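Spelled out from the first residue to the last, the chains are:
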Amino acid sequence: MRFDEAYSGKVFIASRPDWEDAEAILYGMPMDWTVSYRPGSRFGPARIREVSIGLEEYSPYLDRELEDVRFFDAGDIPLPFGNPQRSLDMIEEFVDSILEKGKFPLGMGGEHLVSWPVIKAMYKKYPDLAIIHMDAHTDLRVDYEGEPLSHSTPIRKAAELIGPENVFSFGIRSGMKEEFEWAKENGMHISKFEVLEPLRQILPKLARRPVYVTIDIDVLDPAHAPGTGTVDAGGITSKELLASIHEIARSDVKVAGADLVEVAPVYDHSEQTANTASKLIREMLLGWVK
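Counting restarts for each chain: residues are numbered from 1 in the order of the written sequence. Whole-chain, interface and lining totals are the exception, using all residues; otherwise, since this is a predicted model, local features are given only for residues with pLDDT of at least 70 and side-chain atom pairs are given and counted only at 80 or more. Here the side-chain values reflect all heavy atoms present in the structure, with hydrogen atoms and water set aside.

**Student:** Is there a simple way to explain the nonpolar core in this structure?
**Tutor:** Most often, soluble globular proteins have nonpolar side chains that are buried together. Buried Ala, Val, Leu, Ile, Met, Phe, Trp, Tyr and Cys residues form a nonpolar core when they are joined through side-chain atoms within 4.5 Å. Exposed residues in this analysis have more than 50% of their type's maximum accessible area, buried residues have under 20%, and partly exposed residues fall in between, with area computed by a 1.4 Å probe over protein chains only. Within the largest apolar cluster, 49 residues are counted, with the highest numbers of intra-cluster contacts made by Phe-12, Ile-132, Met-134, Val-213, Ile-215, Ile-281 and Trp-288. A per-element tally of this core places helix H8 (residues 272-288) first, with 7 residues. Judged by nonpolar contacts, the second largest core, of 42 residues, contains Leu-113, Ile-131, Leu-149 and Ala-256. Numbered from the N terminus, helices here are DSSP runs of H or I no shorter than four residues, and strands are runs of E no shorter than two.

**Student:** Even after reading the chapter, I still don't get the UniProt feature "binding site: Mn(2+)" (unreviewed entry) in the chain, so can you show me in this structure?
**Tutor:** UniProt positions are given in the numbering used here, feature names are shortened, and annotations may be inferred rather than shown by experiment. Under the UniProt annotation, the feature "binding site: Mn(2+)" (unreviewed entry) is placed at His-112, Asp-135, His-137, Asp-139, Asp-216 and Asp-218. Taking the farthest pair of C-alpha atoms as the criterion, the annotated set spanning 107 residues converges on one region, since that pair is 12.2 Å apart. Structurally, Asp-139 is set in the loop between strand E6 (130-134) and helix H4 (154-162). Note on definitions: a residue-residue contact is assigned when non-hydrogen atoms from the two residues lie within 4.5 Å. Every residue in contact with Asp-139, bar those within four places of it in the chain, is listed here: His-112, His-133, His-151, Ser-152, Thr-153, Pro-154, Ile-155, Arg-156 and Glu-179. In protein, a polar contact means a hydrogen-donor-capable atom and an acceptor-capable atom, both N or O and within 3.5 Å, with residues adjacent in sequence counting only if both atoms are side-chain atoms; elsewhere, any N or O pair within 3.5 Å suffices. Looking at Asp-139, its side chain comes within polar contact range of the side chain of His-112, at 3.0 Å.

**Student:** Can you help me understand unusual backbone geometry in this one?
**Tutor:** Leaving glycine out, the prevailing phi sign among residues is negative, and the prevailing peptide bond configuration is trans. The amide bond that connects Gly-109 to the next residue, Gly-110, takes the cis arrangement and shows omega of 15 degrees. In the Ramachandran plot, Glu-271 falls in the positive-phi region, its phi being about 65 degrees despite a non-glycine side chain. One can find Glu-271 in the loop between strand E10 (254-261) and H8.

**Student:** Help me out: how do you make sense of the pattern of salt bridges in this one?
**Tutor:** Think of it this way: side chains of opposite charge can pair up when their charged atoms draw near. Definition used for salt bridges: Asp or Glu carboxyl oxygen within 4 Å of a side-chain nitrogen of Lys or Arg. Inspection of every chain in the model, using the stated rule, returns 17 salt bridges. Here Arg-42 ties to Asp-32 by a salt bridge, and the two come within 3.0 Å at their closest N and O atoms. Of this pair, Arg-42 sits in the loop between strand E1 (24-29) and helix H1 (44-51) while Asp-32 sits in the loop between E1 and H1, and the two are 10 residues apart along the sequence. Its relative accessible area of 5% is what places Asp-32 among the buried residues. Arg-200 is the partner of Glu-247 in a salt bridge, and the nearest nitrogen-oxygen pair spans 3.3 Å. A residue pair is termed long-range when its members are at least 10 positions apart, and Glu-247 in helix H7 (residues 238-249) and Arg-200 in helix H6 (residues 196-202) qualify at 47 residues.

**Student:** What is the right way to read the packing of aromatic side chains from this model?
**Tutor:** Any aromatic ring pair is given by two values, namely how distant the centres are and how the planes are angled relative to each other. Classification of ring pairs rests on two measures: the distance between centres of Phe, Tyr or Trp rings, Trp counted by its six-membered ring, which must be within 6.5 Å, and the angle between planes, read as stacked under 30 degrees, edge-to-face over 60 and tilted in between. This model, assessed by the stated rule, comprises 3 aromatic pairs. Aromatic side chains Phe-12 and Phe-71 sit 6.2 Å apart centroid to centroid with 70 degrees between the ring planes, which places their arrangement in the edge-to-face category. Taken together, the residues Phe-12 in the segment before E1 and Phe-71 in strand E4 (residues 71-76) connect sequence positions 59 residues apart. Taking the relative accessible area as the measure of exposure, Phe-12 reaches 0% and is therefore buried. Ring geometry for Tyr-27 versus Phe-94: centroids 5.4 Å apart, planes at 45 degrees, classification tilted.

**Student:** Help me understand a negative patch on the surface, please; the structure alone is not making it clear to me.
**Tutor:** Here a patch means residues that are over 30% exposed by relative accessible area and free of salt bridges, tied together within 9 Å if like-charged and within 5 Å if nonpolar (Val, Leu, Ile, Met, Phe, Trp, Tyr). In this description, accessible areas are obtained by the Shrake-Rupley approach with a 1.4 Å probe, and a residue is regarded as covered only by the protein chains that are shown. Charge counting follows a simple rule: Lys and Arg are positive, Asp and Glu are negative, and His as well as the terminal groups are ignored. Just so you know, the charge point we use is NZ for Lys, CZ for Arg, CG for Asp and CD for Glu. A cluster of acidic residues, Glu-56, Glu-57, Asp-63, Glu-65, Glu-67 and Asp-68, forms a negative patch at the surface. Along the polypeptide, Glu-57 turns up in the loop between H1 and strand E2 (58-59). Note on Glu-57: relative accessible area 31%, which makes it partly exposed.

**Student:** I'm lost on the side chain of His-246 in this one. Help?
**Tutor:** Along the chain, His-246 falls in helix H7. Engagement of the side chain of His-246 in a polar contact is seen with the side chain of Glu-283, the distance being 2.7 Å.

**Student:** Quick question: what am I supposed to make of the packing of helix H2 (residues 84-100) against helix H3 (residues 115-125) here?
**Tutor:** Describing two packed helices takes the angle between their axes plus the distance from one axis to the other. Relative to each other, H2 and H3 sit at 35 degrees, their axes nearing to 8 Å. Relative to H3, the crossing made by H2 is right-handed. Side by side, H2 and H3 meet where Leu-88, Ile-91, Glu-92, Val-95, Asp-96 and Leu-99 of the first sit next to Trp-116, Pro-117, Val-118, Lys-120, Ala-121, Met-122, Lys-124 and Lys-125 of the second. Gly is put with the polar residues, along with every residue not named as nonpolar or charged; the nonpolar set is Ala, Val, Leu, Ile, Met, Phe, Trp, Tyr, Cys and Pro, and the charged set is Asp, Glu, Lys and Arg. Of the residues assigned to the contact of H2 with H3, the class counts are 9 nonpolar, no polar and 5 charged. Helix axes use the C-alpha atoms of the stretch in contact, all axes being lines fitted to C-alpha atoms, and the angles between their N-to-C directions lie in the range 0 to 180 degrees. A clockwise turn of the near helix away from the far one marks a right-handed crossing, whereas an anticlockwise turn of less than a right angle marks a left-handed crossing.

**Student:** Help me understand the sheet that holds E10 in this model?
**Tutor:** Strands belonging to one sheet form pairs held by backbone hydrogen bonds; the direction of such a pair is parallel or antiparallel. The 8 strands lie next to each other as E4-E1-E5-E10-E9-E6-E7-E8, forming an open sheet whose pairing is parallel. Looking at which strands have only one partner, the edges of the open sheet turn out to be E4 and strand E8 (189-192). Each adjacent strand pair in this sheet contributes to an overall mean axis angle of 15 degrees, direction not counted. The pairing criterion for strands is at least two bridges between them, as found by DSSP. Pairing between E6 and strand E9 (residues 210-216): 5 bridges, direction parallel. Following the sheet pairing, Ile-131 is matched in E9 by Tyr-212.

**Student:** So what exactly am I meant to see when it comes to the environment of Lys-10 here?
**Tutor:** Position of Lys-10 relative to the elements: it lies in the segment before E1. Separated by 39 residues in the primary sequence, Lys-10 and Arg-49 place their C-alpha atoms 6.9 Å from one another. Beyond its immediate sequence surroundings of up to four residues, Lys-10 is in contact with Arg-49, Glu-50 and Asp-73.

**Student:** Just checking my understanding: could you explain the side chain of Thr-273 for this structure?
**Tutor:** Here Thr-273 lies in helix H8. Discounting residues that sit within four places of it in the chain, Thr-273 has contacts with Ile-217, Ala-225, Pro-226, Gly-227, Val-263 and Asp-268.

So this is what it looks like as structure tokens:
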């Protein structure tokens, strides 16, 4: 499926009515076929769109409005339930079609495995790609209980594709000892527990490079984002995550694409997780689509 096929349904606030003049394409990857704890992230993209109606279109952080960015919400990719490999192939094909048109892909998940085919598509266009990864978990396993297609494996797959030295993880506070050892032995950068300050130190090293940014909502402490599949205490605040998005926006890094994953609305009846995710998407659009 291509992104420019017809779509009807609810869209993110201020989405343009057509894709031709859009600079960025917002899309959903409603997949949670491989989660190891709590399912439900396939409902994340739709709910993020729905609650966006409560947003102001103006960002006082960046002094920009959504009307300043031409973006088109292409809807959710109709992924085949329970078929991980076919789903991943469809996502890669979808993002290929976005990149062919020279547009900025901004994805909403869905479990974190959905980032893997996007990164594959990005790497085909940008052979000098680097990755900024914000997450509670390392996601560096080779497999989960023998299954290589797992939400605990996408960063390992990405590191083996583009080189571990080109992957920079922040906010990490959970993972197997072997995962941390593999990262250290192979020259991958992992910043434990914090995001903003170590990110500030790394960004100058990535100046003018194409960078893909993947954010797992569970980088936030469960107090800020309880609606996710694998909650993990000790995370950062939403204020720090917003500041990190703005730090990237003000840097010389060339953000070539991004995603926000693992929002599972069913576990948060207050809807603070979806509302936070919606605001993060707004800031990513305003800050990273140049």
